[in-house]
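What the coordinates show
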Amino acid sequence: MSENLSHPIFSIIRELAREEEVSCYVIGGFVRDRIMGRPLKDDIDILVLGSGIDFASKLGEKLHTKVAVYKSFGTAMLNYQGLQVEFVGARKESYRRDSRKPIVEDGTLADDQNRRDFTINAMAFSLNDADYGALVDPFSGVEDIKNQLIRTPLEPGITFSDDPLRMMRAIRFATQLNFRIDAAALNAIAEQADRIKIISKERVIDELNKIILAKKPSIGFKYLFDTGLLELIFPTMSQLYGVEYVDGKGHKDNFYHTLEVLDNVSELSEDLWLRWAAIMHDIAKPATKRFDKKVGWTFHGHEDRGAKMVPKLFAELKLPLNEKMKFVQKLVLLHLRPIVLAQDIVTDSAVRRLLFEAGDDIDALMMLCHADVTTKNEYKKKKYRENFDLVKQKLKDVEERDQIRNWQPPIDGDDIMKVFGIGPGRHVGQIKNAIREAILEGDIPNSRNEALAFMVEKGKSLGLEPLKEA
């Protein structure tokens, strides 16, 4: 299997290993991806039977390149011809019940493979003269790849108890690779789900984001929900689950609807934050759910309530509280607007308002709304999509004509104060709002001259006189 080791770094490591009389192996994701025929990433892990730091330092001298040493982790890293190479000594580990920080001792190749998370990540290629390129696969990782199975090398209860983040990683790999999780491993995750509490939220959200960025994120969320992990890491999303009936009338299960919308969005865009908007778009439905005997179940105001919930949820999940959060918040607030437009006669003024409020995010909003059409009724779906096409064309036409996207009013407060010779106050705000409404309603064109004339008339109606005619 030496054809798997075509990059020159491997023969250089082989030569140094011979000189230093140590054994080296490439292990982990590189081996898995070579066997699966997946695109290779730009990082590899080298296992050294001895000190990984010492070996990396000597290799750095040989290659005349800088070596980054991480003593607390017992690892070292260097870059060579576009490849990031990390070195670690073979280890065996044991864990304390209340921590995921291991007690580490030097170990053999077998010890190191035993401590790996999954069989597909425990395979190694030899970099030694005696068997260069040979595959070392003690736990039948190749067979598990063929069977599309995520399985632990040791008894799964031990693997997950030792490092509870591996429960998230199991679900992440199953989602990314479209594999299923071994039944014993799945049971162990459910039994030990509570152990996820000892993992930092930052580490958890990193894994969750990788699940969300997968081709079909719903795979991971179903595993998270079924094992009880979702209730622990994102309880507000778990609360979307379930259907309530009154007088024989039920609403759709908003959890599975959300997963369907998320998958739909994922087919249209790889944007992580648009996917988060899909996750959050109905997040306030449990809080706004009401039963009306005439119309059945309602969720009035869930878009407004949901937008208000977004900052708190982002803070709890350790997601960024910057423009990414504001983007998600805006889409949650506006996600019903295009759908309402699609159900009615589309007026220019309604389209202008939507363009004004959505700004540059209008295309993302339209993608989210398109994905939100999940009805099983093919006639309804077809009609919604056709109406959506009309809304999209109207948006394009109005934007080209009126240039409302990211619109700034042609008249500002300084203009108003200068013309009427007044200082800041309620009249300035009233006139500004009136100009904005007049343009959005189509009463006047989006031009400075028309806005100036309107401003003078509006000011006169409020008892103001211009210092000079505008």
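These numbers come from a predicted model, not from an experiment.

1. Description of the overall build of the protein chain
A count of helical and extended segments in the protein chain gives 24 helices and 15 strands. Computed over C-alpha atoms, the radius of gyration of the protein chain comes to 30 Å, more than 25% over the 23 Å expected from 2.2 N^0.38 for 470 residues, which places it beyond the range of a compact globule. Of all intrachain contacts in the protein chain linking residues separated by at least 6 positions in sequence, the fraction that spans at least 24 positions is 66%. One finds the centroid of the 69 positive side-chain charges in the protein chain at a distance of 4 Å from the centroid of its 73 negative side-chain charges.

2. Let's talk about the sheet that holds strand β2 (residues 43-48)
What links the strands of a sheet is backbone hydrogen bonding, and the strands pair in either a parallel or an antiparallel sense. Judged by pairing direction, the sheet is mixed, and its seven strands sit side by side in the order β3-β4-β5-β2-β1-β8-β9 without closing on themselves. One side of each edge strand has no neighbouring strand; the edge strands of this open sheet are β3 (68-70) and β9 (135-136). Bridge count for strand β1 (residues 24-27) against strand β8 (residues 124-126) is three bridges, and the pairing is antiparallel. The residue bridging Tyr25 from the neighbouring strand is Ser126, located in β8. Contacting β1, β2, β4 (75-80) and β5 (83-89), helix α1 (residues 8-20) crosses the sheet at an angle of about 15° to β2.

3. Topic: the pattern of salt bridges
Counted according to the given criterion, the structure contains 23 salt bridges. Among the salt bridges present, the one from Glu15 reaches Lys62, with a minimum N-O distance of 3.2 Å. Taken together, the residues span a long stretch of sequence, with Glu15 in helix α1 and Lys62 in helix α3 (residues 52-63) at a distance of 47 residues. The class for Glu15 is partly exposed, based on a relative accessible area of 34%.

4. Remarks on the side chain of Thr288
Examined against the element boundaries, Thr288 turns out to sit in helix α15 (residues 285-288). By relative accessible area, which is 8% here, Thr288 ends up buried. Contact partners of Thr288, with chain neighbours within four places excluded, come to Thr298, Phe299, His300, Gly301, His302 and Arg305.

5. Some points on unusual backbone geometry
Despite not being glycine, Gln81 has its phi angle at roughly 50°, a positive value. For Gln81, the location among the structural elements is in the loop between β4 and β5. Backbone geometry places Gln148, a non-glycine residue, at a positive phi of 55°. Position of Gln148 relative to the elements: it lies in the loop between α5 (141-146) and β10 (149-150). Judged by its relative accessible area of 42%, Gln148 is partly exposed.

Conventions used here
Residues numbered from 1 in each chain as written. Predicted model: local features only at pLDDT ≥ 70, side-chain atom pairs only at ≥ 80, totals over all residues. Heavy atoms only, no water. Helix = DSSP H or I, 4+ residues; strand = E, 2+ residues; numbered from the N terminus. Rg over C-alpha atoms; globule rule 2.2 N^0.38 Å. Contact = heavy atoms within 4.5 Å. Lys, Arg positive; Asp, Glu negative; His and termini not counted. Charge placed at Lys NZ, Arg CZ, Asp CG, Glu CD. Pairing = 2+ DSSP bridges. Axes fitted to C-alpha atoms, helices over the stretch in contact; angles between N-to-C directions. Salt bridge = Lys/Arg side-chain N within 4 Å of Asp/Glu carboxyl O. Buried < 20%, exposed > 50% of the residue type's maximum accessible area, 1.4 Å probe, protein only.

Function cannot be inferred from these measures alone, as they are strictly geometric.
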